[in-house]
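Residue-level structure breakdown
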Amino acid sequence: MTDDTVARLRTAVGRELPRARADLERLVRIPGIAFPGFDQAELERSAEAVAELLTAAGLTAEVVRAGGAPAVIGHRPGPPGAPTVLLYAHHDVQPAGDEALWDTPPFEPVERDGRLYGRGAADDKAGLMAHLTAIRAHGDDLPVGVVVLVEGEEEYGSDSLGALIEQHRDRLRADVIVIADSTNWDVGVPALTTSLRGIVNCVVEVRTLQRPVHSGIHGGPVPDALTALARLLATLHDAAGDVAVAGLGTERTSTVDLPEARVRAEAGVLAGVELIGSGALTDRLWYRPALCVLGVDAPPVDGSPNALVAAARAKLSIRLAPGDDPEKALTAVREHVEAHRPWGAEVTVEPAGHGASCVIDTSGPRAAAVRAALRAAWDGVDPVEIGLGGSIPGIAAFQDAFPAATIAVTGVEDPHTGAHGPNESLHLGEFARVCLAEALLLVEVARAG
Ligand code: BES
Ligand code: MN
């Protein structure tokens, strides 16, 4: 691309940033959460606000749904013969979690030290705003046709996205699909994501007694369900800390690694606590299964009587290697649990949501166009090709529906974003680069044809 194009779009994006910032703040103030138990009217308001923004940017926009949360589809045709680019983001966010851990209220956007804080300020309302800013920066001269799809339940597993894509297949058809929901390598270094892990959640329940009974009268020979559950959970990793569930796949090995100090610092691992598992850290984070316990139902410590616990539950979350199948993985977990029933306890496994993994092909001229756009926006710094430990279940649905499309997984996050945790934030300088990269990408894709 010419220096001229870069300079022109840099200026145009710069002009658009204040408005992008104001719109982003307005969106952050709407707590649209697709989890049960949260006010679904907020999700509707959020979708309406997104539709208004798209309409104001000259797109034909509509709130749509396929039995799930409201999504928004907008489109604007390009010049005759130009390719079509589908721009994906999600407007729903994770719950705020324990608000006491936030330095400022989660749904009141605040800038500190060049970062904008708030739930969704990065994940993924800034992804949506990057799409919009790229479109706005081109004014009346959009070089490609665009379709914008803003999902409303990504953080809750994207259960209806496949059906939604099916329903609107003709409107969504595109040559290139840009998924702005991932992370960059570091502040100042872009990334292009080439694989994502899948996910399977399930609830394991362990029962040993008909009802709680006196722990002094019966304790000794009679097993309590909470200890049994703890023993079961302890079988899920081997001595080295690798996942011990047989039948879970692993993918490839990494070409880049991360220093242990960086992994520890970014996760806030306490001094003296070991990292678990074996192999390169990027393999453990991107290409291999991981298993954690998200929650436990058992009597709370305060007020717990001296009684043997009759039943206890744990929610397990298994991240799957790219290419591994959630259904197969759930079967593997069931078989493991069945084979490791502690003390003959009754054990059940109930599925609690899943998302597909994916591997993305980054060969070909269109992917090269995306890399060139990232490089230009980051002043000549090449994007690092990364795997992602997290999941974006919709990508596999796009791959199924549009096998010929080039998929580019980009994003606004950086290692300090803190998505899903307290004090999530967006680096505003990097956000400007993402917007410029996307504006350039539209030009480069048009050129690549
Ligand atoms: N934006 C994230 C994906 C991501 C993870 C990007 C890590 C960068 C770093 C996405 O919104 C997300 O969190 N997805 C969920 C999907 C799940 C609910 C099926 C996840 O991975 O937990
Ligand atoms: Mn996201």
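As a convention, each chain's residues are numbered from 1 in the sequence order in which they are written. Lettering of chains starts at A and numbering of ligands starts at 1, both following the order in which they are written. Where local features are concerned, this predicted model is filtered to residues with pLDDT of at least 70; where side-chain atom pairs are given and counted, the filter is 80 or more; whole-chain, interface and lining totals use all residues. Derived side-chain values reflect all non-hydrogen atoms in the structure, with water molecules and hydrogen atoms excluded from consideration.

1. Digging into the overall build of the protein chain
In plain terms, the rule: Every helix listed is a DSSP run of H or I at least four residues long, and every strand listed is a run of E at least two residues long, numbered separately from the N terminus. For the radius of gyration, the atoms used are the C-alpha atoms, and the globule rule reads 2.2 Å times the number of residues raised to 0.38. Using a 1.4 Å probe on the protein chains alone, a residue whose accessible area is under 20% of its type maximum counts as buried, one over 50% counts as exposed, and one in between counts as partly exposed. We call two residues in contact whenever any of their non-hydrogen atoms come within 4.5 Å of each other. What sets the accessible areas is the Shrake-Rupley method with a 1.4 Å probe; for residues, cover comes only from the shown protein chains. Think of it this way: Lys and Arg go in the positive column, Asp and Glu in the negative one, and His and the chain ends go nowhere. We put the charge of a Lys on NZ, of an Arg on CZ, of an Asp on CG and of a Glu on CD.
What the protein chain contains, in helices and strands, is 13 helices and 18 strands. A globule of 449 residues ought to have a C-alpha radius of gyration of about 22 Å, and the protein chain, at 23 Å, matches this closely. In terms of its C-alpha atoms, the protein chain occupies a principal-axis envelope of roughly 80 × 45 × 45 Å. Per-residue burial over the protein chain gives 53% buried out of 449 residues. For the protein chain, the share of sequence-separated contacts (at least 6 apart) that also reach a separation of at least 24 residues comes to 81%. Just so you have it, the protein chain exposes about 18900 Å², and 52% of that area is on carbon and sulfur atoms. Computing the positive centroid from 38 side-chain charges and the negative centroid from 62, the protein chain places the two 1 Å apart.

2. Details of the side chain of Asn201
To keep it simple, the criterion reads: Two N or O atoms count as a polar contact when they lie within 3.5 Å, although within protein this holds only if one can serve as hydrogen donor and the other as acceptor, and sequence-adjacent residues are included solely when both atoms are side-chain atoms.
Looking at the secondary structure, you find Asn201 in strand E9 (residues 198-207). Within the structure, Asn201 has its side chain in polar contact with the side chain of Ser317 (distance 2.6 Å). Not counting chain neighbours up to four residues away, the residues in contact with Asn201 comprise Leu294, Lys315, Leu316, Ser317, Ile318, Pro351, Ala352 and Gly353.

3. Considering the site of ligand 1
Our working rule: A molecule or strand has a residue near it when one of that residue's heavy atoms lies within 4 Å. Under the scheme applied here, ten amino acids are nonpolar (Ala, Val, Leu, Ile, Met, Phe, Trp, Tyr, Cys and Pro), four are charged (Asp, Glu, Lys and Arg), and all others, including Gly, are polar.
Surveying the vicinity of ligand 1 reveals 16 residues, the closest of which are Glu154, Asp181, Arg319, Ser391 and His420. The separation between a nitrogen atom of ligand 1 and a polar side-chain atom of Asp181 is 2.8 Å. Here ligand 1 has 510 Å² of accessible area as a free molecule, and 85% of this is covered by the chains. Looking at the shell around ligand 1 residue by residue, the class counts come to 3 nonpolar, 7 polar and 6 charged.

4. What about the UniProt feature "domain: Peptidase M20 dimerisation" (unreviewed entry) in the protein chain?
Formally: UniProt positions are given in the numbering used here, feature names are shortened, and annotations may be inferred rather than shown by experiment.
Under the local residue numbering, the UniProt record ascribes the feature "domain: Peptidase M20 dimerisation" (unreviewed entry) to residues 195-343. With 29% helix and 23% strand, residues 195-343 has its two end C-alpha atoms placed 40 Å apart.

5. Let's talk about the sheet that holds strand E18 (residues 425-427)
Note the following rule: In this description, strands pair whenever DSSP reports at least two bridges between them. Simply put, an axis is a line fit to the C-alpha atoms, just over the touching stretch for a helix, and the angle between two N-to-C directions goes from 0 to 180 degrees.
Strands sit in the order E4-E5-E18 across an open sheet of 3 strands; the sheet is antiparallel. In the strand order of this sheet, the two ends are held by strand E4 (110-112) and E18, each with one partner. The average undirected angle you get between the axes of adjacent strands in this sheet is 25°. Against the sheet, helix H13 (residues 428-448) contacts E4, strand E5 (115-117) and E18, and its axis sits at roughly 65° relative to E18.

6. A few points about the coordination of the manganese ion (ligand 2)
Test applied: The donor set comprises N, O and S atoms within 2.8 Å of the metal, extended to 3.2 Å for Na, K and Ca; water molecules are omitted, so apparent gaps in a site may simply reflect that omission. In this scheme the shape depends on donor count and angles: four donors with every angle between 85 and 135 degrees give tetrahedral, four or six donors with opposite pairs above 155 degrees and others between 65 and 115 give square planar or octahedral in turn, and any other case is irregular.
The protein atoms donating to the manganese ion (ligand 2) are His90 (NE2), Asp123 (OD), Asp181 (OD) and Asp181 (OD), with metal-donor distances spanning 1.9 to 2.7 Å. Between the 6 donor atoms coordinating the manganese ion (ligand 2), the angles at the centre fall across 53 to 166°, so the site counts as irregular. All donors of the manganese ion (ligand 2) belong to a single chain; written as a sequence motif, their spacing is H-x32-D-x57-D. In this pair, Asp123 sits in the loop between E5 and helix H3 (125-137) while Asp181 sits in the loop between strand E7 (176-180) and strand E8 (191-196), placing the two residues 58 residues apart along the sequence.

7. As for the sheet that holds E9
The sheet built from 4 strands is open, its strands ordered E11-E13-E9-E14 with antiparallel pairing. With one partner strand each, in any of the chains shown, strand E11 (290-297) and strand E14 (346-355) form the two edges of the open sheet. On average, adjacent strands in this sheet sit at an angle of 20° to one another, irrespective of strand direction. The pairing of E9 with strand E13 (residues 311-320) spans 10 bridges and is antiparallel. Across the sheet, the residue bridging to Val206 is Ala312, located in E13. In this fold helix H7 (residues 225-234) packs onto E9, E11, E13 and E14, with an angle of close to 15° to the strand it touches most, E13.

8. As for the side chain of Ser160
Its location among the elements puts Ser160 in the loop between strand E6 (145-151) and helix H4 (161-167). Given a relative accessible area of 10%, Ser160 falls into the buried group. Polar contacts involving the side chain of Ser160 include one to the side chain of Glu153, which spans 2.6 Å. Not counting residues up to four positions away in its chain, the partners in contact with Ser160 are Ala66, Gly68, Ala69 and Glu153.

9. What to know about the packing of helix H1 (residues 3-28) against H3
The relative placement of two packed helices comes down to the angle between their axes together with the axis-to-axis distance. Where we set the bar: For a crossing to be left-handed, the near helix must be turned anticlockwise from the far one by less than a right angle; the clockwise case is right-handed.
Their axes nearest at 9 Å, the elements H1 and H3 cross at an angle of 140°. The two elements H1 and H3 meet at a crossing, and its hand is right-handed. Note on element contacts: H3 touches H1 through Lys125, Ala126, Leu128, Met129, Thr133, Arg136 and Ala137, opposite Leu9, Ala12, Val13, Arg15, Glu16, Arg19, Ala20, Asp23, Leu24, Leu27 and Val28.

10. Quick look at the domain arrangement of the protein chain
For interface size, the figure often reported is the accessible area lost on association. So the rule is basically this: Just so you know, the domain bounds were taken from an automatic or database domain assignment. A 1.4 Å probe defines the accessible area here, and the buried area is the portion of it lost by two parts on being joined, summed over both. Definition used for salt bridges: Asp or Glu carboxyl oxygen within 4 Å of a side-chain nitrogen of Lys or Arg.
What the domain assignment reports for the protein chain is domain 1 (3-196 + 357-448) and domain 2 (198-253 + 282-355). Relative placement of domain 1 and domain 2: their C-alpha centres are 35 Å apart. Carbon and sulfur atoms supply 51% of the area that domain 1 and domain 2 bury against each other, a total of about 1000 Å² over both sides. Joining domain 1 to domain 2, the criterion identifies 0 salt bridges. On the surface where domain 1 and domain 2 come into contact, there are 4 residue pairs in polar contact (both at pLDDT 80 or more). Mapped onto the side of domain 1 that touches domain 2, the elements with two or more residues apiece are E8, strand E15 (358-359) and strand E16 (384-388). Residues that form the side of domain 1 that touches domain 2 fall into these classes: 7 nonpolar, 8 polar and no charged.

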